[in-house]
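This is what each chain is made of:
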Protein chains: 2
Amino acid sequence: MPASPRSTGRPVALIIARATLLAYPELLPELAGALHARGHGVLLQVIDHEREADAALAALDPGGVAGIIAAVRPSDAAIARAAAGRVPLLLYNCHAAGPTVDSVSCDHAACGESLAALLLEAGHRRFGIIGASALVGVERAGGAVATLRKGRALTIETVRGDYSYASGAAALDELFARMKPRPSAIIAVNDAMAIGALDRARALQVRVPRDLSVVGIDGTQAARLPSYELTTMRQPLHRLATTAVDLLLERIADPLRPVEIRLFGGEMIVGRTARLERPVRRLTVARTPRG
Amino acid sequence: MPASPRSTGRPVALIIARATLLAYPELLPELAGALHARGHGVLLQVIDHEREADAALAALDPGGVAGIIAAVRPSDAAIARAAAGRVPLLLYNCHAAGPTVDSVSCDHAACGESLAALLLEAGHRRFGIIGASALVGVERAGGAVATLRKGRALTIETVRGDYSYASGAAALDELFARMKPRPSAIIAVNDAMAIGALDRARALQVRVPRDLSVVGIDGTQAARLPSYELTTMRQPLHRLATTAVDLLLERIADPLRPVEIRLFGGEMIVGRTARLERPVRRLTVARTPRG
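Residues numbered from 1 in each chain as written. Chains lettered and ligands numbered in written order. Predicted model: local features only at pLDDT ≥ 70, side-chain atom pairs only at ≥ 80, totals over all residues. Heavy atoms only, no water.

1. Remarks on the overall build of chain A
1) Next: Across its full length, chain A carries 9 helices and 12 strands.
2) Next: Considering only C-alpha atoms, chain A reaches an extent of 95 × 40 × 35 Å along its principal axes.
3) Next: Counting all 291 residues of chain A, 54% fall into the buried class.
4) Next: Across chain A, the centroid of the 35 positively charged side chains sits 10 Å from that of the 28 negatively charged ones. (Helix = DSSP H or I, 4+ residues; strand = E, 2+ residues; numbered from the N terminus. Buried < 20%, exposed > 50% of the residue type's maximum accessible area, 1.4 Å probe, protein only. Lys, Arg positive; Asp, Glu negative; His and termini not counted. Charge placed at Lys NZ, Arg CZ, Asp CG, Glu CD.)

What follows is the structure in structure tokens.
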């Protein structure tokens, strides 16, 4: 990021959820850095829930911004209204059906699929899913569950959190209360909830990963702390952020070009929170009769 | 924060360092929430180093913003230029000499003093300080060192980090290399560096807090994780943020009112990373001669 970017144009609005800022603090510096580097300020709109995305979009003065990056998913109707008002809009880390609008995203469903396949391969059969109601979480959990159903999973139980550490801890309690016997593996749709579940499991004296595997998605700095070393899928954050900004600026320069979707795969980070070896079978060895 | 605040006026610019966003993710949602609640958007300017604060301030279009909150300390000259240009400016968590400009801040020196006094009281005599070059860190370290010098400290060695986790880990190595015998207590000027030093100490098989005490300042969510439970001074974040926004809006409404400084004390959080009991002295007990 250059030392003192002079904003040459109007700012770009960024609509983002409070939970995203808290659980994924690396994101905003990346996006702001990419915008600053291209001469744009960031007009920040923080919302509490994804359902407020439409209102946040409607509240923006189209004349006051060069374009909008929505790191939450507005409704199809709100996206159509933005298009009708000719406000350049890009969806970050989510996408619209159709597609009707530019988007840059990690392939969330594929992240869930990869983790599920890894755990199935290691012999896990009883799964807890810590999901969330926002679209990103729904896609991640959907990918995981679809793979588990096609695989040899015996039990799949889902509870919902709100992406926060505390909701991950509470979700572990709920999964343990519902599942008898307990799950051997838990897939959380973000790292913050996985870390919350992990700490709660430790507090309950559950051995991770021997008796319980816990995996997340995002690859945050917190997940890589020595206290956690979480098994997770890392988002290619820098590439996502710079691509998002470039694509939005191309749209601003050429409002009529075709809608473009860019999807990036995640990268598997094998940490220390998942048992990935099949348990050794106890073989019954016939004794050799004494000669 | 209301569901969909319509920005009634021009946005408020927020100049903030990347390191602050990463080490203290709770801050931005608080500040943005307080501004949204009062009908203002946030025009975000992320800088890499405090020394870029002047350039960031100069780059803002005074006609485009209602006012500026600087969460970094610009130079006195830059503050004077902003005043001359009649741009309402408020310093967040730092203050200017004179004083020449409104500011809302935690009492950084007092935070350092409190931690130093606590550790002295517990009998610690050999201290490592993990400081930083930005003003907040200088004040925090200054408060700690002044108290240690007035107290019974035998050794005070300072190294500098950049507020990041990684720099805290590196600082621990440097303190251990320089100090023979090793320090018994380390005061880091923020939680992220304290956590970095803590993890590094654990990797070196140093027992915390038995053989080494580590304390930080900020009271972040990360510091309160069960893996850390850091002893630290918590900033009254919500009160700081709402006061900052209120004071800036009062300044916008009345440009001629006298300069106002608001200083808030921190709150001691006694975690599990500091030895706060005096070691039991081995008394030489004279044997009672046998009767």
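Resuming the write-up.
2. Remarks on empty space enclosed by the protein
1) Next: Applying the stated criterion across every chain yields a total of 1 cavity of 30 Å³ or more.
2) Next: Approximately 70 Å³ is the volume attributed to the largest cavity.
3) Next: Mapped by element, the contributors of at least two residues to the lining of the largest cavity are α2 (27-37) of chain A together with α2 (27-37) of chain B.
4) Next: Residue classes in the lining of the largest cavity are distributed as 9 nonpolar, no polar and no charged. (1 Å grid on protein atoms, 1.4 Å probe; cavity = no way out; pocket = protein on both sides within 12 Å on 5 of 7 lines; lining within 4 Å. Points joined across faces, edges and corners; volume = space filled by probe spheres on them. Nonpolar A, V, L, I, M, F, W, Y, C, P; charged D, E, K, R; others polar.)

3. Focus on the pairing of strand β1 (residues 12-17) of chain A
Residues and elements named next belong to chain A.
1) Next: Counting buried positions along β1 gives 6 out of 6 residues, so the element sits mostly inside the fold.
2) Next: Residues Val12, Leu14 and Ile16 line one face of β1 and the alternating positions Ala13, Ile15 and Ala17 line the opposite face, and both faces are buried.
3) Next: Across 4 bridges, β1 lies against strand β3 (residues 67-70) in parallel orientation. Bridging across to β3, Val12 finds its partner in Gly67.
4) Next: When β1 meets strand β2 (residues 42-47), the two strands line up parallel, connected through 6 bridges. (Pairing = 2+ DSSP bridges.)

4. Considering the interface of chain A and chain B
1) Next: Between chain A and chain B, the residue contacts involve 33 residues of the former and 33 residues of the latter.
2) Next: When chain A packs against chain B, close to 3100 Å² is buried across both sides, 60% of that on carbon and sulfur atoms.
3) Next: At the junction of chain A with chain B, the criterion picks out 2 salt bridges.
4) Next: Within the residue set of the side of chain A that touches chain B, elements represented by two or more residues are α1 (18-23), α2, β2, α3 (53-59) and α8 (191-203) of chain A.
5) Next: Tallied by class, the residues present in the side of chain A that touches chain B amount to 21 nonpolar, 4 polar and 8 charged.
6) Next: Direction of pairing for β2(A) relative to strand β2 (residues 42-47) of chain B: antiparallel, over a ladder of 3 bridges. Note that in β2(B) the partner of A:Val42 across the bridge is B:Leu44. (Contact = heavy atoms within 4.5 Å. Buried area = accessible area lost by both parts, 1.4 Å probe. Salt bridge = Lys/Arg side-chain N within 4 Å of Asp/Glu carboxyl O.)

5. Regarding the pairing of strand β4 (residues 89-92) of chain A
All names here are of chain A.
1) Next: What you see with β4 is no split at all: Leu89 and Leu91 on one side and Leu90 and Tyr92 on the other are buried throughout.
2) Next: Between β3 and its parallel partner β4, the chain crosses via helix α4 (residues 76-84), and the hand of that crossover is right-handed.
3) Next: Looking at chain direction, β4 and strand β5 (residues 102-106) are connected through 3 bridges and run parallel. Across the sheet, Leu90 pairs through a bridge with Asp102, a residue of β5. (Right-handed = clockwise from strand over helix to strand, strands pointing away.)

6. Some points on the domain arrangement of chain A
All names here are of chain A.
1) Next: Along its sequence, chain A is carved into domain 1 (12-107 + 235-265) and domain 2 (108-234).
2) Next: Centre-to-centre, using C-alpha coordinates, domain 1 lies 28 Å away from domain 2.
3) Next: On the side of domain 2, 18 residues touch domain 1, which itself brings 13 residues to the contact.
4) Next: Summed over both partners, the interface of domain 1 with domain 2 comes to about 1200 Å²; 51% of that surface belongs to carbon and sulfur atoms.
5) Next: Contact with domain 2 buries surface across domain 1, with Glu26, Asp107 and Gln235 losing the most and accounting together for 42% of the total. (Domains from an automatic or database assignment.)

7. Things to note about a nonpolar patch on the surface
Residue and element names in this part refer to chain A.
1) Next: Together, Val259, Ile261 and Leu263 make up a nonpolar patch on the protein surface, roughly 230 Å² of accessible area in all.
2) Next: Mapping Leu263 onto the fold places it in strand β11 (residues 261-264).
3) Next: Overall, the relative accessible area of 47% leaves Leu263 in the partly exposed class. (Patch = residues over 30% accessible without salt bridge, like charges linked within 9 Å, V, L, I, M, F, W, Y side chains within 5 Å. Areas by Shrake-Rupley, 256 points an atom, 1.4 Å probe, with all protein chains shown as cover.)

8. Considering the side chain of A:Asp191
Residue and element names in this part refer to chain A.
1) Next: Tracing the sequence through the fold places Asp191 in helix α8.
2) Next: Among buried Asp, Glu, Lys and Arg side chains, Asp191 stands out as unpaired, with Arg224 the closest opposite charge at 6.5 Å.
3) Next: Of the polar contacts made by the side chain of Asp191, one reaches the backbone nitrogen of Thr220; its length is 2.8 Å.
4) Next: Ignoring anything within four residues of it in the chain, the contact list for Asp191 reads Gly216, Ile217, Asp218, Gly219, Thr220, Ala223, Leu230 and Thr232. (Polar contact = N/O pair within 3.5 Å; in protein donor to acceptor, adjacent residues only side chain to side chain.)

9. Things to note about the UniProt feature "domain: Transcriptional regulator LacI/GalR-like sensor" (unreviewed entry) in chain A
1) Next: Under the local residue numbering, the UniProt record ascribes the feature "domain: Transcriptional regulator LacI/GalR-like sensor" (unreviewed entry) to residues 118-272 of chain A.
2) Next: Secondary structure content for residues 118-272 of chain A is 41% helix and 23% strand, while the C-alpha to C-alpha distance between its ends is 14 Å. (UniProt positions renumbered as here; feature names shortened; annotations may be inferred.)

10. Side note on the relation of the copies chain A and chain B
1) Next: The transformation that overlays chain A on chain B combines an axial shift of 0.0 Å with a rotation of 180°, and the residual RMSD is 0.0 Å. Both chain copies can therefore be described as sitting about a two-fold axis. Among all residues of chain A, the one whose C-alpha sits closest to the rotation axis is A:Leu43, at a distance of 2.2 Å.
2) Next: A shared interface surface links the copies, since 100% of the contact residues of chain A are contact residues in chain B too. (Least-squares fit on C-alpha atoms with pLDDT ≥ 70 in both.)

11. With respect to unusual backbone geometry
1) Next: Of the consecutive residues A:Lys180 and A:Pro181, the connecting peptide bond is found in the cis state with omega at -5°.
2) Next: Within the secondary structure, A:Pro181 sits in the loop between α7 (165-178) and β8 (185-188).
3) Next: Put simply, B:Gly98 and B:Pro99 share a cis peptide bond, and its omega is -10°.

12. Observations concerning the sheet that holds strand β9 (residues 213-218) of chain A
Residue and element names in this part refer to chain A.
1) Next: Pairing is mixed in the open sheet, where 6 strands are placed in the order β7-β6-β8-β9-β10-β12. Since the sheet does not close on itself, it has two edges, and those belong to β7 (155-161) and β12 (267-269), each with one partner. Strand-to-strand twist across the sheet, computed as the mean angle between neighbouring axes with direction ignored, equals 20°.
2) Next: Pairing of β8 with β9, which is carried by 3 bridges, proceeds in the parallel orientation. Directly across from Ala185, in β9, lies its bridge partner Ser213.
3) Next: Strand contacts of α7: β6 (126-132), β7 and β8, with the helix running at about 145° to β7, the strand carrying the most contacts. (Axes fitted to C-alpha atoms, helices over the stretch in contact; angles between N-to-C directions.)

13. With respect to helix α9 (residues 237-253) of chain B
All names here are of chain B.
1) Next: Taking 1.5 Å per residue, 17 residues should reach 24 Å; α9 reaches 24 Å between its end C-alpha atoms and fits that length.
2) Next: Among all positions of α9, only Leu237, Leu240, Ala241, Thr242, Thr243, Ala244, Val245, Leu247, Leu248 and Arg251 are buried.
3) Next: Packed against the buried residues of α9 are β1 (12-17), α2, β3 (67-70), β4 (89-92), β5 (102-106) and β11 (261-264). (Expected span 1.5 Å × (residues − 1).)

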